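Coordinate inspection notes
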Amino acid sequence: MPNDVRGAVVERVSALPNGPLDVTWLAVETPRLPLGRIRLHWQPASPAGWDVTAHLGLATTEVHLASWPAAPDDWPRLVRPTIHEVLGLCAALAVATAALDLSNRLAQV
């Protein structure tokens, strides 16, 4: 990873088992992740592989989502299922929250 970033934000995850992870670099000065977004960070592991971590943005903080110590060079394939499932869950929760908010507003009319 470049020196001036603190990780990569996952933009899209392919539903295909061998599909790609689309990411954009997250600048060091970025205060925190937006709600429901995932940040990946990776660095070389000794003696081989990569230490990969994922953080999830919540309403008021970021939480550690998962770690893959000494992951092989094809680590995106390893982390893709977890990232895909968590992003799907976040999307479902966003829809449920919006529906609940709408229901509450309609009940006040």
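A brief report on the enclosed structure follows. This one's a predicted model, so the numbers in the text were calculated from it and none came from an experiment.

Okay, the overall build of the protein next. On a plain count of helices and strands, the protein comes out with one helix and five strands. For the protein, the α and β elements follow one another from N to C terminus as β-β-β-β-β-α. Scaling as 2.2 N^0.38, a compact globule of 109 residues should have a C-alpha radius of gyration of about 13 Å, whereas the protein reaches 16 Å, well beyond that. By its C-alpha atoms, the protein is 65 × 35 × 20 Å across when sized along the principal axes. Within the protein, the proportion of its 109 residues that are buried is 30%. Considering only residue pairs separated by 6 or more positions, the protein has 40% of its internal contacts joining residues 24 or more positions apart. Roughly 6,900 Å² of accessible area belongs to the protein as shown, and the carbon and sulfur atoms make up 61% of that amount. Between the averaged position of the 8 positive side-chain charges in the protein and that of its 10 negative side-chain charges there is a distance of 7 Å.

Spatial ordering of the open sheet is given by β2-β1-β3-β4-β5, a layout of five strands whose pairing is antiparallel. Since the sheet does not close on itself, it has two edges, and those belong to β2 (21–27) and β5 (62–71), each with one partner. Going from strand to strand, the sheet's axes swing by 30 degrees on average, the running direction of each strand aside. Judged from the seven bridges that link them, strand β3 (residues 38–44) and strand β4 (residues 50–57) form a sheet pairing that is antiparallel. Following the sheet pairing, His41 is matched in β4 by Thr53.

For the rest of this paragraph, the subject is the nonpolar core. If you look at the biggest cluster of nonpolar residues, it comprises 18 residues, and the most contacted ones within it are Ile38, Leu40, Val52, Trp68, Trp75, Val79 and Ile83. At the level of elements, β1 (5–13), β3, β4, β5 and α1 (75–107) are the ones that each hand at least two residues to this core.

A few words on the environment of Thr30. Following the sequence through the fold, Thr30 ends up in the loop between β2 and β3. On a C-alpha basis, the gap between Thr30 and Gly88 in space is 24 Å, while along the polypeptide they are 58 residues apart. Looking at Thr30, its side chain comes within polar contact range of the main-chain oxygen of Ala27, at 3.0 Å.

As a further point, take the pairing of β4. In this structure, the hairpin formed by β3 and β4 is closed by a connection of five residues, where Gly49 is found at a positive phi of approximately 90 degrees. With seven bridges joining them, β4 and β5 adopt antiparallel strand pairing. The partner of Thr53 across the bridge, within β5, is Ser67.

What counts and what doesn't
Residues numbered from 1 in each chain as written. Predicted model: local features only at pLDDT ≥ 70, side-chain atom pairs only at ≥ 80, totals over all residues. Heavy atoms only, no water. Helix = DSSP H or I, 4+ residues; strand = E, 2+ residues; numbered from the N terminus. Rg over C-alpha atoms; globule rule 2.2 N^0.38 Å. Buried < 20%, exposed > 50% of the residue type's maximum accessible area, 1.4 Å probe, protein only. Contact = heavy atoms within 4.5 Å. Areas by Shrake-Rupley, 256 points an atom, 1.4 Å probe, with all protein chains shown as cover. Lys, Arg positive; Asp, Glu negative; His and termini not counted. Charge placed at Lys NZ, Arg CZ, Asp CG, Glu CD. Pairing = 2+ DSSP bridges. Axes fitted to C-alpha atoms, helices over the stretch in contact; angles between N-to-C directions. Core = buried A, V, L, I, M, F, W, Y, C linked by side-chain atoms within 4.5 Å. Polar contact = N/O pair within 3.5 Å; in protein donor to acceptor, adjacent residues only side chain to side chain.

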